[in-house]
Amino acid sequence: QFQNANHSVRVTDEFMNGVEKDGPWQTRAVRDGIPVETMKARDMLKVISEAAWVCGDPGMQFDTTINDWHTCPQTAAINASNPCSEYMFLDDSACNLASINLMKYLDDEGNFDVEGFRHTVRVVLLAQEILVDNASYPTPRIAQNSHDYRPLGLGYANLGALLMSLGLAYDSDAGRNWAACLTALMHGEANRASAEFAAHVGPFRGFPRNRNAMLRVMRKHRDAAREISPEGVPESLLMAAHRVWDKAIELGEKNGYRNGQV
């Protein structure tokens, strides 16, 4: 049943603590918050898990964590995502997505072109930024939020092929460290570019009210990058990720960011 749609369950830290302690969980009506049913949190998670094992749905979204990493909480909370969860941001907003082929940066000796990858991130992000003002949107509200917050989605493809070419298992510590380094480098370079764009054309309109919150989240990303294990990854890749995040925050504190989310 229901295989032509994606389904997700959004849970809070309160619910997950209830699972750990085998405590009760109170369901409530979405519109008015009236209590509906009380059951064991652990029993609910078991039903969710069994359904996911059978058919892949529902996915799990962790609401407390998501909003702790939200760059624009002074505007509104993040309530939902698109069906595949690449994009989580304000209600009535839109995001153009782009993906970089990682295999284009790996040579025959297994060396990853860090500077070439960084350059691609900047070029693609600039193209996406230009598209914000040249795109059409389904509703006036979505158009307004897109122009006011300018969120962009940049990702990569062929991680599995890259790890296979390096002789690394997909489910390995070294594989996870490569993924963490690549993600940190891509994300840091993108936010650095966004801060540089802001120096020329100004930050997104919602930045002033969200300045402190956004910089707090940027620092969380930098701290997370510094916690990546060096096991199995080139030092040049890891150090580049550290440097770009330092610069992204330095420029963001000075200029703000052109995009409310990258």
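Residues numbered from 1 in each chain as written. Predicted model: local features only at pLDDT ≥ 70, side-chain atom pairs only at ≥ 80, totals over all residues. Heavy atoms only, no water.

Novice: Hey, could you run me through the overall build of the chain in this one?
Specialist: Each helix and strand counted, the chain has nine helices and six strands in total. The globule rule puts the C-alpha radius of gyration for 262 residues at 18 Å, and the 20 Å found for the chain is close to it. Across its three principal directions, the C-alpha atoms of the chain cover 55 × 45 × 35 Å. Of all 262 residues assigned to the chain, the portion counted as buried reaches 41%. Considering only contacts within the chain whose residues lie at least 6 apart along the sequence, 70% involve residues at least 24 apart. Summed over its atoms, the accessible surface of the chain is roughly 14400 Å², and 53% of this surface lies on carbon and sulfur atoms. Taking the average location of the 26 positive side-chain charges in the chain and that of its 33 negative ones, the two points are 7 Å from each other. (Helix = DSSP H or I, 4+ residues; strand = E, 2+ residues; numbered from the N terminus. Rg over C-alpha atoms; globule rule 2.2 N^0.38 Å. Buried < 20%, exposed > 50% of the residue type's maximum accessible area, 1.4 Å probe, protein only. Contact = heavy atoms within 4.5 Å. Areas by Shrake-Rupley, 256 points an atom, 1.4 Å probe, with all protein chains shown as cover. Lys, Arg positive; Asp, Glu negative; His and termini not counted. Charge placed at Lys NZ, Arg CZ, Asp CG, Glu CD.)

Novice: Looking at this model, I keep getting lost on the nonpolar core. Mind explaining?
Specialist: Nonpolar side chains tend toward joint burial in soluble globular proteins. With 52 residues, the main nonpolar core has Phe112 and Phe117 as its most contacted residues. Contributing elements (two or more residues each) for this core: α4 (114–132), β6 (152–157), α6 (159–165), α7 (173–201), α8 (207–226) and α9 (235–255). By residue number, the principal contributor to this core is α7, which donates 11 residues. The contact partners of Phe117, leaving out residues within four places of it in the chain, are Ile100, Leu102, Tyr105, Phe112, Leu182, Leu185 and Met186. (Core = buried A, V, L, I, M, F, W, Y, C linked by side-chain atoms within 4.5 Å.)

Novice: I keep staring at the environment of Ser85 and nothing clicks. Help me out?
Specialist: Examined against the element boundaries, Ser85 turns out to sit in the loop between α3 (63–68) and β5 (96–101). When the C-alpha positions of Ser85 and Arg141 are compared, they lie 21 Å apart, and in sequence the two are 56 residues distant. Residues within four places of Ser85 in sequence aside, it is in contact with Ser8 and Gln61. A polar side-chain atom of Ser85 sits 2.9 Å from a polar atom in the side chain of Gln61. (Polar contact = N/O pair within 3.5 Å; in protein donor to acceptor, adjacent residues only side chain to side chain.)

Novice: How should the side chain of Asn210 be read in this particular structure?
Specialist: Within the secondary structure, Asn210 sits in helix α8. Using a relative accessible area of 0% as the deciding quantity, one classes Asn210 as buried. Among the polar contacts made by the side chain of Asn210, one reaches the side chain of Thr75 at a distance of 2.9 Å. What Asn210 contacts, discounting residues up to four positions off in sequence, is Thr71, Cys72, Pro73, Gln74, Thr75 and Tyr149.

Novice: What's the story with the pairing of strand β2 (residues 24–28) in this structure? I'm lost.
Specialist: Within a regular strand, the side chains alternate between the two sheet faces. Here β2 pairs with strand β3 (residues 35–40) via five bridges, running antiparallel. Counterpart to Thr27 in the pairing with β3 is Glu37. (Pairing = 2+ DSSP bridges.)

Novice: Is there a simple way to explain α9 in this structure?
Specialist: Under the 1.5 Å per step criterion, the end-to-end length of α9 is 30 Å for 21 residues, consistent within 8% with the ideal 30 Å. Among the residues of α9, Leu237, Leu238, Ala240, Ala241, His242, Val244, Trp245, Ala248, Ile249, Leu251, Gly252 and Asn255 are the ones counted as buried. Tucked inside the fold, the buried residues of α9 contact α4, α7 and α8. In the segment just after α9, Gly256 is the residue with positive phi, at about 80°. (Expected span 1.5 Å × (residues − 1).)

Novice: What's the story with the packing of helix α1 (residues 13–21) against helix α2 (residues 41–55) in this structure? I'm lost.
Specialist: What describes two packed helices is the angle between their axes and the distance between those same axes. Packing of α1 against α2 leaves a shortest axis separation of 7 Å and a crossing angle of 100°. Here α1 lies roughly perpendicular to α2, going by the angle between them. The segment α1 lies against α2, with Phe15, Met16, Gly18, Val19, Glu20 and Lys21 engaging Ala41, Arg42, Met44 and Leu45. Of the residues belonging to the contact of α1 with α2, the class tally is six nonpolar, one polar and three charged. (Axes fitted to C-alpha atoms, helices over the stretch in contact; angles between N-to-C directions. Parallel < 35°, antiparallel > 145°, perpendicular 65-115°, else oblique. Nonpolar A, V, L, I, M, F, W, Y, C, P; charged D, E, K, R; others polar.)

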